[in-house]
Amino acid sequence: MNHASYLIRSASLLGTATADLLVRDGVIAAIGENLGTQDGESTAGATVIDAAGLVALPGLVDLHTHLREPGREDAETVETGTRAAALGGFTAVHAMANSSPVADTAGVVEQVWQLGRESGWVDVRPVGAVTVGLAGEQLAELGAMADSRARVRVFSDDGICVSDPVMMRRALEYVKAFDGVIAQHAQEPRLTAGAQMNEGKVSAVLGLAGWPAVAEESIIARDVLLAQHVGSRLHVCHVSTAGSVEIIRWAKERGINVTAEVTPHHLLLTEELVRSWNPVYKVNPPLRADSDVHALRAALADGTIDIVGTDHAPHPSEAKDCEWASAAMGMTGLETALSVVQETMIETGLMTWADFARVTSTAPARIGQLDGQGRPLEVGEPANLVLVDPAARWNVDPAAMATKGRNSPFAGMELPGRVVATFFRGHPTVLNGALNTPYRHGAN
């Protein structure tokens, strides 16, 4: 089933040159014009896909996905989350550690990895917890998780900051042994106790406890200095303020080994939406001011921020259909990420499709050390790719999504760009904008 051939006709590679692609035996076997008619390349038996008007991109890679399994299957499962990922154009996701039990041992990360293989929609690389139970008191089994079948290279207590500087230093030192990276959720807990939204004029008007930008920025400043001191790799999750951008830019100018991500929702939405009191807009870190949004877009465009990470955070309906103060924080994002980035970065002229491929595929695969993902569209490379109709417009309907989560902040919005096909290891997991069949490991 997995070794059928596909001839993709007249695709626009990264939005530039138009060519045919022949996918065979899981790799890109040939690229050229009018394949099979004049170059001697045999395309006999290949299923032809008309890609005229479509942009071909490397499959998207998410460094920041919450799949909830094990333990929170009411919110999401590996199966439902990876179906959503495939529909969003992803061929790989990194599953965050805040499941129940926490992914802080080799056994749990191998379970998540195995569930991903069995589902067959995308590569699932587990993220290991930095500390046991996300409690911040004792380092988790970092080495055992790195040596496991899951080959964990990214470690994060995401959802909770590793706030103890001694613990953070130890973690950064430990992962150097296998070139791992610590992905920090930058939030000084003492500055955000009881915080409900961004601290500013809107929080003052609404009477909600404010979440100051300095709570994020102070942790980033500390951690880039720690990373410099121990000579290790730091990744900053979901950057949300203009001040954070400046600190990361400062660190990079000094050669500190730091990378950073921004979410689609922080590229588009602002704190003004909280005036609606709709808990769908409650997220961690919170939606910020319009000036922050524009600083984040500029930073993604100029490379200060390396990647887009969805922070896909599905919740059961009862966790969001309640009063603001009691609502869970988080938004879904896998099925809307491509469109939101197109809207904010490509339609605005800040980026090309080649830039898009860098921040959504190449760079996240490199940071996560994910072999076979984020590769160029070249002969001999693994056929992990997505075909996008950039001219399509669609209305976001959470009820129609594959994710279990209905907590999309983009509900009712019209967005550009539609995923027409997703190829995972040469197999079409998505065709004509709909789920096809999963890839089966070991199938002939």
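Above this note sits the structure.
The model shown is predicted, which means the values in this text are computed figures rather than measured ones.

### Overview of the overall build of the chain
Summing up its helical and strand segments, the chain has 11 helices and 19 strands in all. Its C-alpha atoms give the chain a radius of gyration of 21 Å, within 12% of the compact-globule value 22 Å for 444 residues. When the backbone C-alpha atoms are referred to their principal axes, the chain occupies close to 65 × 45 × 45 Å. Per-residue burial over the chain gives 60% buried out of 444 residues. Restricting to contacts in the chain with at least 6 residues of sequence separation, those with at least 24 account for 74%. Only carbon and sulfur atoms are counted for the fraction: they give 49% of the accessible area of the chain, which is about 15,800 Å². Computed over 34 positive and 52 negative side-chain charges, the separation of the two mean positions in the chain equals 3 Å.

### Points about the sheet that holds strand β10 (residues 181-184)
Read from one edge to the other, the open sheet built from five strands follows the order β9-β10-β13-β14-β15, with strand pairing classed as parallel. Taken across any chain shown, the strands that pair with only one partner, and hence form the sheet edges, are β9 (154-155) and β15 (307-308). Direction of pairing for strand β13 (residues 234-236) relative to strand β14 (residues 258-262): parallel, over a ladder of three bridges. Residue pairing in the sheet places His235 in a bridge with Thr259 of β14. Running at roughly 145° to β10, helix α4 (residues 165-175) makes contact with β9, β10 and β13 of the sheet. Each of β10, β13 and β14 is contacted by helix α6 (residues 213-230), which is oriented at about 165° to β13, the strand it contacts most.

### Examining the packing of aromatic side chains
Per the counting criterion, the structure on display carries five aromatic pairs. Ring centres 5.4 Å apart and planes at 70° place the aromatic pair Tyr6 and Phe423 in the edge-to-face group. Here Phe423 lies in strand β17 (residues 414-424) and Tyr6 lies in strand β1 (residues 6-13), a separation of 417 residues in the sequence. Considered together, Tyr6 and Phe423 belong to a single accessibility category, that of buried residues.

### Considerations on α6
Counted at 1.5 Å a residue, the expected span for α6 with its 18 residues is 26 Å, and the 26 Å between its end C-alpha atoms agrees. Along α6, the residues classified as buried are Ala215, Glu216, Glu217, Ile219, Ile220, Arg222, Asp223, Val224, Leu226, Ala227 and Val230. Residues of α6 that are buried make contact with α4, β10, β13, α7 (242-253) and β14. Trailing α6 by a residue or two, Gly231 shows a phi angle of about 70°, which is positive.

### With respect to the sheet that holds strand β8 (residues 123-126)
Strand order in the open sheet formed by three strands is β6-β7-β8, with parallel pairing between adjacent strands. In this open sheet, the two edge strands, each paired with only one partner strand, are β6 (60-65) and β8. For this sheet the average axis-to-axis angle between neighbouring strands, irrespective of direction, equals 20°. The pairing of β6 with strand β7 (residues 90-95) spans four bridges and is classified as parallel. Residue pairing for β7: Leu60 is matched across the bridge by Phe90.

### Description of the environment of Met401
Summarising the element assignment, Met401 is placed in the loop between β16 (385-395) and β17. Residues Met401 and Thr80, spaced 321 residues apart in sequence, show a C-alpha to C-alpha distance of 9.7 Å. Discounting chain neighbours no more than four positions away, the residues touching Met401 are Glu335, Thr336, Val396, Arg406 and Ser408.

### A few points about the pattern of salt bridges
If you walk through the whole model with that rule in mind, you get 18 salt bridges. With its nearest N and O atoms 4.0 Å apart, the salt bridge here joins Arg233 to Asp179. Of the two residues, Arg233 sits in the loop between α6 and β13 while Asp179 sits in the loop between α4 and β10, which places them 54 residues apart along the sequence. Judged by its relative accessible area of 12%, Arg233 falls in the buried class. Owing to a relative accessible area of 40%, Asp179 belongs among the partly exposed residues under this scheme. Via salt bridges that share partners, Glu246, Arg249 and Asp302 belong to a single interconnected network.

### Quick word on the packing of α4 against α6
Between α4 and α6, the shortest axis-to-axis distance is 10 Å and the interhelical angle comes to 45°. Taken together, the axes of α4 and α6 lie oblique to each other. For the crossing formed where α4 meets α6, the hand is right-handed. Contacts between α4 and α6 pair Pro165, Met168, Arg169, Leu172 and Glu173 from the former with Arg222, Asp223, Leu226, Ala227, His229 and Val230 from the latter. The residue makeup of the contact of α4 with α6, split by class, is six nonpolar, one polar and four charged.

### Considerations on unusual backbone geometry
Cis rather than trans, the peptide bond between Glu69 and Pro70 has omega equal to 10°. Here the residue pair Asn284 and Pro285 is connected by a cis peptide bond, since its omega of -5° sits within 30 degrees of zero. For Pro285, the location among the structural elements is in the loop between α8 (264-268) and α9 (290-302). Backbone geometry places Asp179, a non-glycine residue, at a positive phi of 55°. Located in the positive-phi region is Gln369, a residue other than glycine, with phi close to 50°.

### Overview of the pairing of strand β5 (residues 55-58)
What you see with β5 is no split at all: Val55 and Leu57 on one side and Ala56 and Pro58 on the other are buried throughout. Relative to β5, β1 runs parallel, the two being bridged by two bridges. Across the sheet, the residue bridging to Leu13 is Ala56, located in β5.

Parameters and conventions
- Within every chain, residues take consecutive numbers counted from 1 along the sequence as written.
- With pLDDT at 70 or above as the cut-off, local features in this predicted model cover only qualifying residues; side-chain atom pairs require 80 or more to be listed or tallied, and sums for whole chains, interfaces and linings still use all residues.
- For side-chain calculations, the full set of non-hydrogen atoms in the structure is used, while hydrogens and water are omitted.
- Where helices and strands are cited, they refer to DSSP runs of H or I of at least four residues and of E of at least two residues respectively, numbered from the N terminus.
- Radius of gyration means the value over C-alpha atoms here, while the globule rule gives 2.2 Å times the residue count to the 0.38 power.
- Whether a residue is buried, partly exposed or exposed follows from its accessible area with a 1.4 Å probe, protein chains only, as a fraction of its type maximum: under 20%, in between, or over 50%, in that order.
- Residue contacts follow a heavy-atom distance rule, with two residues in contact if any of their heavy atoms lie within 4.5 Å.
- Accessible areas in this description were obtained via Shrake-Rupley with a 1.4 Å probe; residue shielding takes into account the shown protein chains only.
- When charges are counted, Lys and Arg contribute as positive and Asp and Glu as negative, whereas His and the chain ends are disregarded.
- A single reference atom marks each charge: NZ on Lys, CZ on Arg, CG on Asp, CD on Glu.
- At least two DSSP bridges between two strands are needed for those strands to be called paired.
- Only the stretch in contact is used when a helix axis is fitted, and all axes are lines through C-alpha atoms; the angle between N-to-C directions ranges over 0 to 180 degrees.
- Only centres within 6.5 Å qualify two rings of Phe, Tyr or Trp (six-membered ring in Trp) as a pair; their planes then separate them into stacked at under 30 degrees, edge-to-face at over 60, and tilted for everything else.
- To estimate how far a helix should extend, the number of its residues minus one is multiplied by 1.5 Å.
- By definition, a salt bridge exists where a carboxyl oxygen of Asp or Glu is found within 4 Å of a side-chain nitrogen of Lys or Arg.
- Oblique is the label for any angle not under 35 degrees, not over 145, and not in the 65 to 115 range, which are roughly parallel, roughly antiparallel and roughly perpendicular in turn.
- Helix crossings are classified by the rotation of the near helix relative to the far one: an anticlockwise turn of less than a right angle makes the crossing left-handed, while a clockwise turn makes it right-handed.
- The residue classification treats Ala, Val, Leu, Ile, Met, Phe, Trp, Tyr, Cys and Pro as nonpolar and Asp, Glu, Lys and Arg as charged. All others, Gly included, are polar.

Any functional reading would require information beyond the geometric quantities listed.
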